[in-house]
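# Structural description and commentary
Spelled out from the first residue to the last, the chains are:
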Amino acid sequence: MDVENEQNNVFNIRLGKIVGLYQILDPGTLKYRGRNIYHIFIAFIMMYMSVISIILNVNGVYYWMDDMTKSIDGFWKGLSTLYIIYRAWIVIRHSDDIWDCLSITRYDFTPSSSRYRHILDRWRERSVWLTTTIISLYSFGGVLYTVIALVFIEDSSLVKNQNVPLDNYWQNVVNFILMASYKTYNAQYKKFRFVEALYIITTTILFYEFDVLLITLYCAISCQMQIICSAFESVGNKSLHDHRSSIESTDETTKIPNAHDIVYDELKTIIMDHQAVMEKFEKVLTLFGRTMLFQIFISSIQQISLWFFFIMLFSNDDRFNASDTDVIKMIISIPAFSFQIFLVCYFFGNLHDQKESIIFALYSSNWTEMDMKCKKLILLTMRMNNANKKSLKFTITKIVNLEMFFKVAVAAKKPRRLLGNLEGHVKPLQQSLTFRSLWFHQGLGSL
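Note that this is a predicted model, so its numbers are computed, not measured.

Among the nonpolar cores identified, the biggest contains 109 residues, and L25, L213, F232, F288, M292 and F348 are the most heavily contacted of them. No other element matches the 22 residues that helix α8 (residues 189-234) contributes to this core. Those residues in contact with L25 that lie beyond four places of it in its chain are V91, S95, I98, W99, L102 and L213. Core analysis: the second largest hydrophobic core is formed by 6 residues, Y63, I177, Y189 and F192 among them.

Any space left empty among the atoms is revealed by the rolling of a water-sized probe across them. Size it by volume and the largest pocket reaches roughly 840 Å³. What lines the largest pocket is a set of 29 residues, among which Y138, F207, S333, A336 and F337 lie closest to the centre. Elements with a minimum of two residues in the lining of the largest pocket: α4 (68-93), α6 (117-151), α8, α10 (259-312) and α11 (324-363). Its residues assigned to classes, the lining of the largest pocket comprises 18 nonpolar, 10 polar and 1 charged.

For the coordinates displayed, the defined rule picks out 14 aromatic pairs. Ring plane angle 55° and centroid distance 6.3 Å describe the contact between Y218 and Y346, whose orientation is recorded as tilted. With a gap of 128 residues between them, Y218 in helix α8 and Y346 in helix α11 connect regions that are remote in the sequence. In this structure Y346 comes out as partly exposed when scored by relative accessible area, which is 34%. Among the aromatic residues, those joined into a cluster by ring pairs are W123, Y218, F342, Y346, F347, F405 and F406.

Basis of the calculations
Residues numbered from 1 in each chain as written. Predicted model: local features only at pLDDT ≥ 70, side-chain atom pairs only at ≥ 80, totals over all residues. Heavy atoms only, no water. Core = buried A, V, L, I, M, F, W, Y, C linked by side-chain atoms within 4.5 Å. Buried < 20%, exposed > 50% of the residue type's maximum accessible area, 1.4 Å probe, protein only. Helix = DSSP H or I, 4+ residues; strand = E, 2+ residues; numbered from the N terminus. Contact = heavy atoms within 4.5 Å. 1 Å grid on protein atoms, 1.4 Å probe; cavity = no way out; pocket = protein on both sides within 12 Å on 5 of 7 lines; lining within 4 Å. Points joined across faces, edges and corners; volume = space filled by probe spheres on them. Nonpolar A, V, L, I, M, F, W, Y, C, P; charged D, E, K, R; others polar. Phe/Tyr/Trp six-rings, centres within 6.5 Å; stacked < 30°, edge-to-face > 60°.

This is the structure we're talking about:
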């Protein structure tokens, strides 16, 4: 990768270095005993998060029968942590293959790229903007999640165990309540705050790296596919007319290549470029396909669980209780899970559409004026593209795209319809909502 000239890469190399993604993937990064030092650092983070995940899941099991608030909270956070660890492991394990895939971000990846500098520049701008925006959003979310707990520290929650109410735990970033009694937890509040804030920081860092990588690969593959489409559309539109006039005005003894042969050679070059791009696309699907499907599944389960929990707060079940701060955190988390699903569905759905658009680009070329040899080559290319069924699929027939995102969003929000079936609880629901709204505005006013 041309590190010295960052402007010739769709990859936002400067940001990649800031978040550590570049050093994780670069084979030339400093090594200790043959291991990339950044891999070692991420491994320690993964071990720390593994311990946290165990604590959160044990917490979910421990309070399952008595306090569903803490149980569900522990389960969805523990599940999220496990998935984040899995994504980081994928990046470290396949770092060499991912580095090879990033070669598609170079401006000179294909010979056709030199004629379409404006497309490369446009996609580089998009890549820089998207990666910078995603970093800003994640940073803001992590800070907001931490600040809410610190601002509303007095909004402590009552934890129930075997139907015996325990004293209140002070509100913290994550509230690892299983690690200590309420007296120890409150007495050592600052230490627990540091441990829990460190958990949020490490989670955010790992989110940075994977999603920046995903956005970079999406922009690079989309850019190269668009270049291939533009190159196919232009085949024959200039070559035939330009070379035909030059052939007619040249002496018969001068050896000038036939215009159709030039078009044929140009077509072969573009086809080879297309095959190179599709090879990288298939490699990306092999590396990240299963991870992306897990992301859709896990985010959907978490959304449904949070919506169900949010609805049950307004029932008369004593096992469902939450402080107002916990409710705010829960509301903040729901859009985050929706965004993760949207990111995968939009990116891979768009890549699938661009892959299919190759057929239209070939048909848009000046194939009617080409000789039979060129026409057969175009037909063969169409058949090869149709035979290539590689795309991210949730099932054999269902492709991951925006249509799937909307279906998942509708399915995740179906539990809200249960609100209409909670007869006799309308008044308590309204009173609770009014109280929470007044409390929330008072809390913001104190800021």
